[in-house]
Amino acid sequence: HILIGADARPYLRSKEYPQYKQLRKKDKSEQDELMVKAFQQSMGLVEKMLGILGIPVWRVPGFEYDDLVAHVVRKYRHRFELIVAHTNDSDSQQLLWTPGFAIFKGKKGGGIYRRKDFEVEWKGIDPRDLPKALALTGTHNDIEGVHGLGPVTAIKALKDPAKMREIRSKHGHIMDRNLPLITLPHPSFPFDAAPPLP
């Protein structure tokens, strides 16, 4: 089975947290703008071709590709021996708790990325704890974390409950704000959404 998913703006996360993905827009050069325009034109052609081939592109208004991947993994993990998502986005790594899930990053990105690869990169933390780590450090989606707190400290806190309690007592409001923005799928994702699987 092949399922093509895509983002559907405006993002619900942007309504909840206006800074979401905003720095990306501000930092674009003229060349970046031209690349985005070319990408949008080619995506239109790709979708037209997929339509001719009878392969639908699945979107859920307000949600992102990673939310769709998370929904499929949660809903269909017992139906399929292996579910592979093609993405270079690190957000989907939190789904690697599922034994039958892997991420294909492309040949340049290192090929197939599995839980064991995640555990090496993140020093043995459970993939389900990745949202907590990112809630502390901040994310590439312009979600601001705790100032001065990086991955090393976040990993130590996840492994040491006393350290986590100490951080939470000072910065719990930041974690509570960030966790729903980072966790996949977003808490308000419509769980009756049906992907177009044969």
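Quick look at the structure, then. Being a predicted model, the structure only gives us computed values, none of them experimental.

This paragraph deals with the overall build of the protein. Looking only at helices and strands, the protein has 8 helices and 5 strands in total. Helices and strands in the protein line up, N terminus first, as β-α-α-α-β-α-β-β-β-α-α-α-α. A globule of 198 residues ought to have a C-alpha radius of gyration of about 16 Å, and the protein, at 18 Å, matches this closely. Each principal axis of the C-alpha distribution contributes one length, and for the protein these read about 55 × 45 × 35 Å. Here the protein holds 198 residues, and 40% of them are scored as buried. For the protein, long-range pairs separated by at least 24 residues make up 61% of all intrachain contacts whose partners lie at least 6 apart in sequence. About 11,800 Å² of surface is accessible on the protein, with carbon and sulfur atoms providing 57% of the total. Positive and negative charge centroids in the protein, built from 31 and 24 side chains respectively, lie 2 Å apart.

Moving on: the nonpolar core. For soluble globular proteins, the rule of thumb is that nonpolar side chains tend to be buried together. Ranked by internal contacts, the top residues of the largest apolar core, which has 44 residues, are Val 60, Leu 95, Phe 101, Phe 118, Trp 122 and Leu 136. Elements supplying a minimum of two residues to this core: helix 4 (65-76), strand 3 (83-86), strand 4 (101-104), helix 6 (130-137), helix 7 (151-159) and helix 8 (161-182). The dominant element in this core, judged by the number of residues it contributes, is helix 8, at 7 residues. The residues touching Phe 118, leaving out its near neighbours within four places in the chain, are Gln 93, Leu 96, Tyr 113, Ile 125, Asp 126, Pro 127 and Leu 130.

With that settled, consider the packing of aromatic side chains. Here the distance between the centres and the angle between the planes together describe a pair of aromatic rings. Throughout the structure, instances matching the rule amount to 5 aromatic pairs. Look at Tyr 11 and Tyr 20: their rings are 6.1 Å apart centre to centre, the planes differ by 85 degrees, and that puts the pair in the edge-to-face class. Of the two residues, Tyr 11 and Tyr 20, both sit in the buried class. Ring geometry for Tyr 76 against Phe 80: centres 6.4 Å apart, planes inclined by 50 degrees, an arrangement best described as tilted.

The contact between helix 7 and helix 8 brings their axes to 5 Å, and the two run at 120 degrees. Contacts from Thr 153, Ala 157, Leu 158 and Lys 159 in helix 7 reach Pro 161, Lys 163, Met 164 and Ile 167 in helix 8. Considered class by class, the residues forming the contact of helix 7 with helix 8 number 5 nonpolar, 1 polar and 2 charged.

Quick look at the pairing of strand 3 now. The alternating pattern of strand 3 places Ile 83 and Ala 85 on a buried face and Val 84 and His 86 on a face that is not buried. Across 4 bridges, the pairing between strand 3 and strand 4 is parallel. Bridge pairing in strand 4 links Ala 85 to Ile 103.

Here is what the cut-offs are and how they apply
Residues numbered from 1 in each chain as written. Predicted model: local features only at pLDDT ≥ 70, side-chain atom pairs only at ≥ 80, totals over all residues. Heavy atoms only, no water. Helix = DSSP H or I, 4+ residues; strand = E, 2+ residues; numbered from the N terminus. Rg over C-alpha atoms; globule rule 2.2 N^0.38 Å. Buried < 20%, exposed > 50% of the residue type's maximum accessible area, 1.4 Å probe, protein only. Contact = heavy atoms within 4.5 Å. Areas by Shrake-Rupley, 256 points an atom, 1.4 Å probe, with all protein chains shown as cover. Lys, Arg positive; Asp, Glu negative; His and termini not counted. Charge placed at Lys NZ, Arg CZ, Asp CG, Glu CD. Core = buried A, V, L, I, M, F, W, Y, C linked by side-chain atoms within 4.5 Å. Phe/Tyr/Trp six-rings, centres within 6.5 Å; stacked < 30°, edge-to-face > 60°. Axes fitted to C-alpha atoms, helices over the stretch in contact; angles between N-to-C directions. Nonpolar A, V, L, I, M, F, W, Y, C, P; charged D, E, K, R; others polar. Pairing = 2+ DSSP bridges.

Remember, this is a structural readout, not a statement about activity or role.
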